[in-house]
Amino acid sequence: INCAAIPENLLESELFGHERGAFTGAEQRRIGRFEQANKGTLFLDEIGDLPPNTQVKLLRVLQQQTFQRVGGAEAISVDVRIIAATHRNLEAMIREGKFREDLFHRLNVVCLQLPPLRERQDDIPLLAQHFLRKYAGDFGVESPTITSDAVAVLQADSWPGNVRELENMTRRLLLAARGLSINADAVRQTLAARNVEAAPIGHSFTAFAGDLLARAQKGELQEAHAHMLAEAEREILTQAIMLAEGNQAKAARWLGLSRFTLREKLKLLGLHPDSPEASAETEG
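The structure displayed is predicted, hence computed values, not measured ones. (Residues numbered from 1 in each chain as written. Predicted model: local features only at pLDDT ≥ 70, side-chain atom pairs only at ≥ 80, totals over all residues. Heavy atoms only, no water.)

Visitor: Would you take a moment to explain the side chain of Arg-30 for this structure?
Guide: Assignment of secondary structure puts Arg-30 in the loop between α1 (8-16) and α2 (33-36). You can call Arg-30 buried: its relative accessible area is 9%. Engagement of the side chain of Arg-30 in a polar contact is seen with the side chain of Glu-14, the distance being 3.1 Å. (Helix = DSSP H or I, 4+ residues; strand = E, 2+ residues; numbered from the N terminus. Buried < 20%, exposed > 50% of the residue type's maximum accessible area, 1.4 Å probe, protein only. Polar contact = N/O pair within 3.5 Å; in protein donor to acceptor, adjacent residues only side chain to side chain.)

Visitor: Teacher, can you tell me more about a nonpolar patch on the surface here?
Guide: On the surface, a cluster of nonpolar side chains totalling about 240 Å² of accessible area is made up of Leu-10, Leu-243 and Trp-254. By the element assignment, Trp-254 lies in helix α12 (residues 248-255). When its relative accessible area of 39% is taken as the criterion, Trp-254 is described as partly exposed. (Patch = residues over 30% accessible without salt bridge, like charges linked within 9 Å, V, L, I, M, F, W, Y side chains within 5 Å. Areas by Shrake-Rupley, 256 points an atom, 1.4 Å probe, with all protein chains shown as cover. Salt bridge = Lys/Arg side-chain N within 4 Å of Asp/Glu carboxyl O.)

Visitor: Before we go on, may I ask you to explain the nonpolar core in this structure?
Guide: Side chains that are nonpolar tend, in soluble globular proteins, to be buried together. Core analysis: the largest hydrophobic core is formed by 33 residues, its most contacted members being Ile-146, Leu-154, Trp-159, Leu-166, Ile-182, Val-187 and Leu-262. For this core, the secondary-structure elements that each account for two or more residues are α6 (123-139), α7 (148-156), α8 (162-177), α9 (184-201), α11 (224-243), α12 and α13 (259-268). The leading source of residues in this core is α6, at 8 residues. Ignoring sequence-local partners within four residues, the contact set of Ile-182 consists of Leu-132, Pro-144, Thr-145, Ile-146, Thr-147, Ala-150, Leu-173, Leu-174, Ala-177 and Val-187. (Core = buried A, V, L, I, M, F, W, Y, C linked by side-chain atoms within 4.5 Å. Contact = heavy atoms within 4.5 Å.)

Visitor: Help me out: how do you make sense of the packing of aromatic side chains in this one?
Guide: When we look at a pair of aromatic rings, we describe it by the centre distance and by the angle of the planes. For the structure on display, the rule yields 3 aromatic pairs. Seen from their ring centres, Phe-16 and Phe-34 are 5.5 Å apart, and the 20° between their planes marks the pair as stacked. Highlighted residues: Phe-16 in helix α1 and Phe-34 in helix α2, separated in sequence by 18 residues. Phe-16 gets classed as buried once you look at its relative accessible area, which sits at 2%. Classification of Phe-34 as buried rests on a relative accessible area of 1%. (Phe/Tyr/Trp six-rings, centres within 6.5 Å; stacked < 30°, edge-to-face > 60°.)

Visitor: Just to check I follow, could you spell out the pattern of salt bridges for this structure?
Guide: Oppositely charged side chains may form a pair once their charged atoms are brought near each other. Counting across every chain of the model gives 16 salt bridges. The partner of Glu-19 in a salt bridge is Arg-29, and the shortest N-O contact between them spans 3.0 Å. Here Arg-29 lies in the loop between α1 and α2 and Glu-19 lies in the loop between α1 and α2, a separation of 10 residues in the sequence. The class for Arg-29 is partly exposed, based on a relative accessible area of 45%. Where Arg-164 meets Asp-45, a salt bridge forms, and the shortest distance between an N and an O atom there is 2.4 Å. One end of the pair, Arg-164, is in helix α8; the other, Asp-45, is in the loop between β1 (41-44) and α3 (52-64), with 119 residues separating them in the sequence. Judged by its relative accessible area of 39%, Arg-164 is partly exposed. Judged by its relative accessible area of 17%, Asp-45 falls in the buried class. Connected through salt bridges with shared partners, the residues Glu-19, Arg-29, Glu-35, Arg-69 and Glu-74 form a single ionic network.

Next up, the structure:
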């Protein structure tokens, strides 16, 4: 579970589950990730982004090996191995009062330092193939092949955003490929677009709009307004589908869209709205 990708008001329910009627929209009981992972392993990614209140509840589970669902009174016992990851300096966060020291020491039994992606280029082909298969299944499209020249271009990049950046880039390549082979030119074009977008990301939306308008003024971009809206909508919808694990009904509910509207927008993105993974409504 990615602790940074789920809103704070939903994270506790995602981890510990909830009882029917616990809050508005809780129409039935939900089994949380800790309960699902009993006798197994729970990977908490971006543990440094865990809200303070949830840090307290996580510490209690690790110490007592019991928890309660949101809105419930039953103490549920679990035996779960925790693996946590973060890009943040947790010791610095402790000094700043942003991360609990007792939780840090509870988690910090064995610490593995993972080198940046640019220092382990041999991992890139494996990761790229993994992400292609993963998102092809999520989006209901055929997984494309990727040429050796294309892989070499990926390996030559510095990947300042590490694995997440490669994952995002692979997703873009998949959507553009439409089931065809991914060649070196496609990778170069996608990386070039990434480089153009990289500067506005760290600035305000005003700066981003200004950059698009400047490019339009130079004749480098047509219909800047439509381009801006399309890029924003593509990112929002694909992020929602990823977070909902392909469940369209759930993603539509989060976005405040009707399921029909979401399906139509997904068609425009080249996604497959009728795949079982994308259409089934499931809980827990």
